[in-house]
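The chain contents come next:
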Amino acid sequence: MIHVGVGHSHDLSTAEAAEHATRLAMGNAGIAKADIAIVFATINYQTEYEQLYQAIHANSSCEELVGCTGMSVLTSAGEFEEEPTLAVMVLRGEQLSAVSFTAQGTESEVGEQIQESIQTERRDNSLLVIFPDIRAVNPAELIKHIGGDGASLPVVGAAVSGDGTGAQMYHWQGTQATEGG
């Protein structure tokens, strides 16, 4: 069985928003420790990623954190546009395992890096979750290079986005915030 919970916050303080959203998610999942946390946040929180990571880790005991920035955030509570929003989804399960990675380069190079990253952990019931930066890679081309035909490897995700200028778009993986992959 996999336990999943989602929480969100509009607090302007990154640390407070991350703590509140994580506590809600943990309570909704009914768990004391998460195996993975998936985080989506508007650009209001992107420059304080270390605080975001620390608050989520402190409230979920989760080492595996992935996610990205977005112009809007969608949760079961609704879509939030043009307002600061940070959403956290936590997952826990006995048979759940996660491998997080970052990859940069052309669609071909990123596809190859992803294949190498997941090769040893890939199972029949694997799911690949990606957050491509559309400034660096075309998502449709990337999926072709990964080999995600939906039958052998289902692929889901979200495109990294940010402010209207196209600047400041981030992926999050563990303690790192990166751009362009």
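Novice: Hey, could you run me through the packing of helix H3 (residues 107–118) against helix H4 (residues 139–146) in this one?
Specialist: Angle between the axes and distance between the axes: these two values describe a pair of packed helices. As a packed pair, H3 and H4 sit with axes 8 Å apart at the nearest point and diverge in direction by 45°. Between H3 and H4, the angle is such that the two are oblique. In the crossing of H3 with H4, the sense of the turn from one axis to the other is right-handed. Residue-level contacts link Glu107, Ser108, Val110, Gly111, Ile114 and Gln115 of H3 to Glu141, Leu142, His145 and Ile146 of H4. Tallied by class, residues from the contact of H3 with H4 come to four nonpolar, four polar and two charged.

Novice: Where do I start with the layout of surface pockets in this structure?
Specialist: Where empty space is left can be seen by rolling a probe of water-molecule size over the atoms. Estimated volume of the largest pocket: approximately 1,100 Å³. If you trace the largest pocket, you find 45 residues lining it, with Ala98, Val99, Leu127, Leu128 and Val129 closest to the centre. Among the elements of the structure, strand S2 (36–41), strand S3 (64–69), strand S6 (86–93), H3, strand S7 (128–130) and strand S9 (171–173) are those that each provide at least two residues to the lining of the largest pocket. Along the lines of polarity and charge, the residues of the lining of the largest pocket split into 25 nonpolar, 14 polar and six charged. Counted as a void, the second largest pocket has a volume near 200 Å³. Contributing to the lining of the second largest pocket are Val6, Ile38, Phe40, Leu74, Thr75, Ala87, Val88, Met89, Val129, Phe131, Val156 and Gly157. Contributions of two or more residues to the lining of the second largest pocket are made by S2, strand S4 (72–75), S6 and strand S8 (155–157). Here the lining of the second largest pocket takes three residues from S6, the largest share from any one element. Taken together, the residues that form the lining of the second largest pocket break down as 10 nonpolar, two polar and no charged.

Thresholds, definitions, all that
- Residues numbered from 1 in each chain as written.
- Predicted model: local features only at pLDDT ≥ 70, side-chain atom pairs only at ≥ 80, totals over all residues.
- Heavy atoms only, no water.
- Axes fitted to C-alpha atoms, helices over the stretch in contact; angles between N-to-C directions.
- Helix = DSSP H or I, 4+ residues; strand = E, 2+ residues; numbered from the N terminus.
- Parallel < 35°, antiparallel > 145°, perpendicular 65-115°, else oblique.
- Left-handed = near helix turned anticlockwise from the far one by under 90°.
- Contact = heavy atoms within 4.5 Å.
- Nonpolar A, V, L, I, M, F, W, Y, C, P; charged D, E, K, R; others polar.
- 1 Å grid on protein atoms, 1.4 Å probe; cavity = no way out; pocket = protein on both sides within 12 Å on 5 of 7 lines; lining within 4 Å.
- Points joined across faces, edges and corners; volume = space filled by probe spheres on them.

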